[in-house]
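# Examination of the molecular architecture
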Amino acid sequence: MSLRPVVGIICCERDVDGIPAQTVLNRYITTTLRYADAAGLLIPALPELMRADEIVPLIDGLLLTGSPSNIDPKHYGDPVEEPPGPFDPGRDTMVLALVQEMINRSKPVFGICRGFQELNVAFGGTLRRDIGHHPTLLAHHAPPEMVFPAMYEHVHEVDLVHGGLLHEMLGKDRITVNSVHFQGIDRLGEGLRVEARASDGVVEAFSTVRNDAPILAVQWHPEWRTAENPDSQAFFALMGRMLRGEELVGP
């Protein structure tokens, strides 16, 4: 039996009954392993105890997951006095180092929600923090009274950019995605190619290749109820193809 590619999946530091814990929600792991047909390795966000160059040789790709935490604005040049948290400084530091090391070694990186925002920051982009309920934008987050899991039923459409990777892979001009984010892209990172936009112009997905390292990230949550959503299954199948270095010429 041939060995499958190994995806490193970043952990978050979260409070579990008052005790700090390195965690990843099961749905990120199970959907990646099942639909990308890969093995997984969890990466603790503990940069004081481990280095990116010790981890990256062990993995074939990196997944940056969603998280309740926000990236500290100091990482994109906006050191506000009271930025909206919560924060995960260990993850901030670990992810930025991992992304650079993955690019140095020409290995693929994938992002979902916070991971999408982290990659934009890693490429020199910035974020805006008013996107959840801005009066001139779509509602990019469910109303405050909605709680988990109902908030993941909040959806809108995105337009896929013609000639882009997602457009070619899905064979569609438009898809419906869930929307659970208060922050989003302000200035797009250097060299990133827009893959999808909401009708209000907000960037919802991007891709690029840097030093032969493929990058693909989405603002929505394809790991949510993936078994019920063929488009989400196709996202992870695309991840699997990229992990294997396959030529991407269509479905």
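The structure displayed is predicted, hence computed values, not measured ones. (Residues numbered from 1 in each chain as written. Predicted model: local features only at pLDDT ≥ 70, side-chain atom pairs only at ≥ 80, totals over all residues. Heavy atoms only, no water.)

This part covers the side chain of Q219. When you line up the elements, Q219 lands in the loop between β13 (213-218) and α6 (230-243). We classify Q219 as buried; its relative accessible area is 1%. With sequence-adjacent residues up to four places away left out, Q219 is seen in contact with C113, F116, Q117, H181, Q183, G184 and E204. (Helix = DSSP H or I, 4+ residues; strand = E, 2+ residues; numbered from the N terminus. Buried < 20%, exposed > 50% of the residue type's maximum accessible area, 1.4 Å probe, protein only. Contact = heavy atoms within 4.5 Å.)

This part takes up the pairing of strand β1 (residues 6-10). Along β1, 4 of the 5 residues are buried, which leaves the element largely enclosed by surrounding structure. Both β1 and strand β4 (residues 39-43) contribute to a ladder of 5 bridges, which runs parallel. Residue pairing for β4: G8 is matched across the bridge by L41. Where β1 lies against strand β5 (residues 61-64), 3 bridges are found, and the strand directions are parallel. The partner of V7 across the bridge, within β5, is G61. (Pairing = 2+ DSSP bridges.)

Right, let's talk about the packing of aromatic side chains for a bit. By convention here, two paired aromatic rings are described through the distance between centres and the angle between planes. The final tally for this structure, using the stated rule, is 2 aromatic pairs. Ring geometry for F116 versus F206: centroids 4.7 Å apart, planes at 25°, classification stacked. Separated by 90 residues along the polypeptide, F116 in helix α4 (residues 114-122) and F206 in strand β12 (residues 203-210) bring together distant segments of the chain. There is no split in this pair, since F116 and F206 are both buried. Aromatic side chains F235 and F236 sit 5.3 Å apart centroid to centroid with 85° between the ring planes, which places their arrangement in the edge-to-face category. The exposure class of F235 is buried, given its relative accessible area of 6%. (Phe/Tyr/Trp six-rings, centres within 6.5 Å; stacked < 30°, edge-to-face > 60°.)

Glancing now at the pattern of salt bridges. Considering all chains together, one arrives at 15 salt bridges under this definition. Between R244 and D37 there is a salt bridge whose closest N-O contact spans 3.5 Å. On the criterion of sequence distance, the pair formed by R244 in the segment after α6 and D37 in the loop between α1 (26-35) and β4 is long-range, its members being 207 residues apart. Among the residues examined, D37 registers a relative accessible area of 39% and is labelled partly exposed. The salt bridge partner of E101 is R105, with a shortest N-O separation of 2.9 Å. Three or more residues joined by partner-sharing salt bridges are found here, namely R91, D92, R114 and E118. (Salt bridge = Lys/Arg side-chain N within 4 Å of Asp/Glu carboxyl O.)

Once that is clear, we can look at the side chain of T208. Inspection of the secondary structure assignment puts T208 in strand β12. A polar side-chain atom of T208 sits 2.9 Å from the main-chain carbonyl oxygen of G191. Sequence-distant contacts of T208, defined by excluding residues within four places in its chain, comprise F123, G191, L192, A213, P214 and I215. (Polar contact = N/O pair within 3.5 Å; in protein donor to acceptor, adjacent residues only side chain to side chain.)

Before going further, it helps to spend a moment on the sheet that holds β13. Here we have 9 strands laid out as an open sheet, ordered β4-β1-β5-β6-β13-β12-β11-β8-β9, and mixed in their pairing. Looking at strand neighbours, the two that pair on one side only are β4 and β9 (174-178), the edges of this open sheet. Within the sheet, the average angular offset between the axes of one strand and its neighbour, ignoring direction, is 20°. Pairing of β5 with strand β6 (residues 109-112) involves 3 bridges; the strand directions are parallel. Among the inter-strand pairings, L64 is bridged to a residue of β6, identified as G111. On the sheet, helix α3 (residues 89-104) packs against β1, β4, β5, β6, β12 and β13 and is oriented at approximately 150° with respect to β5. (Axes fitted to C-alpha atoms, helices over the stretch in contact; angles between N-to-C directions.)

By the alternation rule, side chains of strand β8 (residues 155-160) split into H156, V158 and L160, which are all buried, and V155, E157 and D159, of which none is buried. The pairing of β8 with β9 spans 5 bridges and is antiparallel. Note on β9: the bridge partner recorded for H156 is V177. Sheet topology places β8 next to strand β11 (residues 193-198); 3 bridges connect them, and they run antiparallel. Bridge pairing in β11 links V158 to A198.

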